[in-house]
Amino acid sequence: MLKQLGYIFIIGLMFSCNSSEKTEQKVTIVDGSKHYDVYQGSEMANLMRGMHAFNLQLKKEVENGKITTEFPEEFLKIHTAEFSESKSRNARFDHYSGKFVEAQKLVFVEDTIVPLTERYNNAINLCISCHQTECTGPIPKIKKLLIN
Ligand code: HEC
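From a predicted model like this one, the values you see are computed outputs, not experimental measurements. (Residues numbered from 1 in each chain as written. Predicted model: local features only at pLDDT ≥ 70, side-chain atom pairs only at ≥ 80, totals over all residues. Heavy atoms only, no water.)

S.K.: Lay out helix H5 (residues 116-134) in plain terms, naming residues and giving numbers.
M.R.: Spanning 19 residues, H5 covers 29 Å between terminal C-alpha atoms, matching the ideal 27 Å at 1.5 Å per step. Within H5 the residues assigned to the buried category are Leu116, Arg119, Tyr120, Asn121, Ala123, Ile124, Leu126, Cys127, Ile128, Cys130 and His131. (Helix = DSSP H or I, 4+ residues; strand = E, 2+ residues; numbered from the N terminus. Expected span 1.5 Å × (residues − 1). Buried < 20%, exposed > 50% of the residue type's maximum accessible area, 1.4 Å probe, protein only.)

Below is the structure:
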């Protein structure tokens, strides 16, 4: 379990907007002689990691042409979740989060005109658009979600 927490910290560092800010937020767990640094994500960061994991799974389904899930209602928390200390909600964020939710929902709507892969990529491209405005660190990871 504690070993897993260590991994979570490493993943947090790889994904975060910039790593300097994360060092302030880390918590150290001591188990006998071993120290584990645990990354404490904000509500928003945790939601984002969930969105990443979900879309990684969804990508496989889209590639197979069969969706077995529905739009996760938790994603709507993007409108209320708290940010890391250095960040805050602003008009640009609200603009992109609205567009993203709309695009992500469309992936689950039957549509005979716009192909599934295109609707999926549209949603992922909105993750990227928002990230380009204020949180560029995770962009390489997010780009891997795109279907070429
Ligand atoms: C409306 C803007 C916006 C959209 C859309 C968006 N993000 Fe983010 N993302 C952010 C912001 C801002 C943060 C930093 C949150 C914080 O540190 O509190 C973030 C953080 C992240 C992180 C880092 C989490 C961590 O561990 O610190 C990942 C990974 C991520 N987003 C992936 C995604 C993916 C994948 C999508 C689309 C499925 C997405 N984001 C959509 C703005 C956005």
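S.K.: Quick rundown of the coordination of the iron atom of the ligand? Include the residues and the values.
M.R.: Only Met48 (SD) and His131 (NE2) from the protein coordinate the iron atom of the ligand, and they sit 2.0 to 2.3 Å from it. One can describe the site at the iron atom of the ligand as octahedral: its 6 donor atoms subtend angles covering 85 to 179 degrees at the metal. Pair noted here: Met48 is in helix H3 (residues 43-63) and His131 is in helix H5, with a separation of 83 residues, a long-range link. A relative accessible area of 11% means that His131 is categorised as buried. (Donors = N, O, S within 2.8 Å, 3.2 Å for Na, K, Ca; no water. Tetrahedral: all angles 85-135°; square planar, octahedral: opposite > 155°, others 65-115°.)

S.K.: So, the site of the ligand: which residues are in play, and what are the values?
M.R.: Taken together, 28 residues lie near the ligand, and Met48, Ser84, Cys127, Cys130 and His131 sit nearest. Contact between the ligand and Arg49: an oxygen atom at 2.8 Å from a side-chain N or O atom of the residue. In the environment of the ligand, an oxygen atom lies 2.6 Å from a nitrogen or oxygen atom belonging to the side chain of Ser84. Where the shell around the ligand is concerned, the elements lending two or more residues are H3, helix H4 (91-106) and H5. Considering every element that reaches the shell around the ligand, the biggest residue donor is H3, with 7 residues. Within the shell around the ligand, the residues separate by chemical class into 18 nonpolar, 7 polar and 3 charged. Formed jointly, the shell around the ligand draws a minimum of three residues from each of two domains, domain 1 (2-39) and domain 2 (43-143). (Near = heavy atom within 4 Å. Polar contact = N/O pair within 3.5 Å; in protein donor to acceptor, adjacent residues only side chain to side chain. Nonpolar A, V, L, I, M, F, W, Y, C, P; charged D, E, K, R; others polar. Domains from an automatic or database assignment.)

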